[in-house]
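Here is what each chain is made of, one letter per residue.
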Amino acid sequence: MLGDVAIAVHPTDSRYSSLIGKRAHHPFLKRTIQIVADETVDPAFGTGAVKVTPAHDVNDHGIAVRHGLEIIDILDDRGNIVCPETEFHGMKRFDVRSLIETRLKEKNLFRGKKAHTMSLPVCSRSGDVIEPRIKEQWFLRCDSMAERAVKVRRAFSQCLSTPACSLEGC
C-alpha cells in the first residue's frame, strides 16, 4: 500500500465513472493518488477498484506504463520497508501488512477482507515469498568469453604434454 500510485477501475464501470481522472488521498502519506481507467481491471472482482503498486506487481507495472504513473520502490534488498515519512520505515514487510490493517481500522477506513485464490511465488530454497521488484539487470556476452577460455585451456593442455614447457610460456 505504501508504494501505491493510483487506483484503477474499468472504464465502463458506472460505479466509478465520475471518479476517473480525479485523485484520492493516500491514508498514510501526504500525497494524492490518481484514479485511472484501465481495461485490465475486472469490474466483477471484489470492489472493481484495484490499488496500483507498479514497483511490486507485474500487472500493476503494466498499468503504470500505460498511464505514465510514477514507480515507487518501497522495499530494500532485505525486504524491509523504505518509507521514511511513515512509522513503517525499516520494518519487515510482513509485519507492516498486519500493522497497516490495524492502522486502517483505527482510522475507520478498513472495509473488510475476503479470501481469494491467487498465485504466490515462493522460493524453493528458503520458502520465502518472492516479492516482484524492479531491478537493474546486466548481462554478459558469453560466446567471446567462452571462445577465449577454450583457447587458453587448449594451450594449457598442449603445454602440459610438452616436457620442456613452463607454465609461464602457456
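Relevant structure appears above.
All values derive from a computational prediction rather than experimental measurement.

Trainee: Can you tell me about the environment of Val41, naming the residues and giving the values?
Mentor: Here Val41 shows up in the loop between β3 (32–37) and β4 (49–52). Each C-alpha atom, one on Val41 and one on Ala64, is 13 Å from the other, the two residues being 23 residues apart in sequence. Ignoring any residue separated from it by four or fewer positions in sequence, one finds Val41 in contact with Ala8, Val9, His10, Gly48 and Val50.

Trainee: Hey, could you go over the packing of aromatic side chains for me, with residue numbers and the actual values?
Mentor: If you walk through the whole model with that rule in mind, you get 1 aromatic pair. Centroid distance Phe28 to Phe88: 5.4 Å. Interplanar angle 90°. Geometry classified as edge-to-face. On the criterion of sequence distance, the pair formed by Phe28 in the loop between β2 (23–25) and β3 and Phe88 in the loop between α1 (58–67) and α2 (93–106) is long-range, its members being 60 residues apart. A relative accessible area of 14% means that Phe28 is categorised as buried. Classification of Phe88 by relative accessible area gives buried; the value is 1%. The positively charged end of Lys105 is found above the aromatic ring belonging to Phe110, 4.9 Å away from the centroid.

Trainee: Quick rundown of the sheet that holds β2? Include the residues and the values.
Mentor: Here 4 strands make up an open sheet; going across it, the order is β2-β3-β1-β4 and the pairing mixed. Edge positions in the open sheet fall to β2 and β4, since each of these has one partner strand only. Across the sheet, the mean angle from the axis of one strand to that of its neighbour is 30°, orientation sign disregarded. Taken together, the 3 bridges between β2 and β3 define a ladder with antiparallel strand orientation. Note on β3: the bridge partner recorded for His25 is Thr32.

Trainee: I'd love a proper account of the pairing of β3, names of residues and values included.
Mentor: Relative to β3, strand β1 (residues 6–9) is paired through 4 bridges, and the arrangement is parallel. Counterpart to Ala8 in the pairing with β3 is Val36. Between β2 and β3, which pair antiparallel in sequence order, lie 6 residues.

Trainee: Explain unusual backbone geometry residue by residue, including any values.
Mentor: A positive phi angle, near 60°, is found at Asn108, a position not held by glycine. Tracing the chain through its elements places Asn108 in the loop between α2 and α3 (142–161). The class of Asn108 is exposed, set by a relative accessible area of 57%.

Cut-off values and rules
- Residues numbered from 1 in each chain as written.
- Predicted model: local features only at pLDDT ≥ 70, side-chain atom pairs only at ≥ 80, totals over all residues.
- Heavy atoms only, no water.
- Helix = DSSP H or I, 4+ residues; strand = E, 2+ residues; numbered from the N terminus.
- Contact = heavy atoms within 4.5 Å.
- Phe/Tyr/Trp six-rings, centres within 6.5 Å; stacked < 30°, edge-to-face > 60°.
- Buried < 20%, exposed > 50% of the residue type's maximum accessible area, 1.4 Å probe, protein only.
- Lys NZ or Arg CZ within 6 Å of the ring centre and 35° of its normal.
- Pairing = 2+ DSSP bridges.
- Axes fitted to C-alpha atoms, helices over the stretch in contact; angles between N-to-C directions.

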